[in-house]
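# Structural features, examined
Residues per chain are reported as follows:
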Amino acid sequence: IGGNEEPELDPSTLQTFGAAFRTQNLAGSFLSSQGKISPYDYEPDFDAIDYVKDDDRYAPYADRFAGVFNRKAADELKLRIDREEQDRRLLDASGSVGALAELAAGVVDLPSLIPLGGVAVSGIRSTAGRFALGAMLDATASEAALQATQVTRTGEESALNIGGSIILGGALGTLSGRYLD
């Protein structure tokens, strides 16, 4: 069989939850993004973008190498990209356990535990509107932080997550408004 095929993944529950927390949780994403090598140490005649632009695995992320000025830091960034892509493949292979793990990682995240968006929208009369807007503000803050700590996270992924939060927040607000009034 071909040499470039990925082996079929059969992740354990622990591996699945680890990938979910690195992907969907601010603390997990921040901790996994911390490098040990300074990208600002100048290495003469090294251009990180030239270093990756012809490699199919890293060329889509070439812009992320713009602030890297030495080979060791570029290699560390490559390892981060490999890890993030492996986490995504692992979560996809985990099916419903992966979805549950991602949900759990998001639920125990800082914006969920300290919902500042709900405080900011207290002037809105509609319960559904308050919940939807609060969820949007919290999801936007969370996605901004995840964008800053992950190399492979796309704007489309963040937009879908924010949109989903608005819909879920509005639905929860509608239900709570109906049953709490």
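Keep in mind that this is a model prediction, so the values were computed, not measured.

Once that is clear, we can look at the overall build of the chain. When helices and strands are tallied, the chain shows nine helices and zero strands. Along its sequence from the N terminus, the chain presents helices and strands in the succession α-α-α-α-α-α-α-α-α. A total of 181 residues make up the chain; the buried ones form 33% of that total.

Now for the side chain of E143. If you trace the backbone, E143 turns up in helix α8 (residues 127-149). Given a relative accessible area of 6%, E143 falls into the buried group. Side chain to side chain, E143 and R153 meet in a polar contact 2.8 Å long. The contact partners of E143, leaving out residues within four places of it in the chain, are R153, S158, N161 and I162.

Let's shift gears to the layout of surface pockets. Estimates place the volume of the second largest pocket at around 290 Å³. Contributing to the lining of the second largest pocket are 16 residues, with P39, R64, V68, L77 and R80 lying nearest its centre. For the lining of the second largest pocket, the elements supplying multiple residues, two or more each, are α4 (71-93) and α8. Broken down by element, the lining of the second largest pocket gets its largest block of residues, four residues, from α4. Tallied by class, the residues present in the lining of the second largest pocket amount to eight nonpolar, five polar and three charged.

Turning our eyes to something else, we now look at the nonpolar core. With 13 residues, the main nonpolar core has F65, V68 and I81 as its most contacted residues. Contributing elements (two or more residues each) for this core: α3 (48-52) and α4. When residues in this core are grouped by element, the largest group, four residues, is from α4. One finds A19, L90, L91 and A105 within the second-largest nonpolar core, a separate group that totals six residues.

Bringing unusual backbone geometry into the picture now. Positive phi values are uncommon outside glycine, yet D45 reaches one of about 65 degrees. Structurally, D45 is set in the loop between α2 (26-33) and α3. Judged by its relative accessible area of 82%, D45 is exposed.

Within the structure shown, the criterion is met by eight salt bridges. D50 is paired through a salt bridge with K53; the nearest N and O atoms lie 3.2 Å apart. The partner of E143 in a salt bridge is R153, and the shortest N-O contact between them spans 2.8 Å. Of this pair, E143 sits in helix α8 while R153 sits in the loop between α8 and α9 (155-180), placing them 10 residues apart in sequence. Connected through salt bridges with shared partners, the residues R88, E143, R153 and E157 form a single ionic network.

Thresholds applied
- Residues numbered from 1 in each chain as written.
- Predicted model: local features only at pLDDT ≥ 70, side-chain atom pairs only at ≥ 80, totals over all residues.
- Heavy atoms only, no water.
- Helix = DSSP H or I, 4+ residues; strand = E, 2+ residues; numbered from the N terminus.
- Buried < 20%, exposed > 50% of the residue type's maximum accessible area, 1.4 Å probe, protein only.
- Polar contact = N/O pair within 3.5 Å; in protein donor to acceptor, adjacent residues only side chain to side chain.
- Contact = heavy atoms within 4.5 Å.
- 1 Å grid on protein atoms, 1.4 Å probe; cavity = no way out; pocket = protein on both sides within 12 Å on 5 of 7 lines; lining within 4 Å.
- Points joined across faces, edges and corners; volume = space filled by probe spheres on them.
- Nonpolar A, V, L, I, M, F, W, Y, C, P; charged D, E, K, R; others polar.
- Core = buried A, V, L, I, M, F, W, Y, C linked by side-chain atoms within 4.5 Å.
- Salt bridge = Lys/Arg side-chain N within 4 Å of Asp/Glu carboxyl O.

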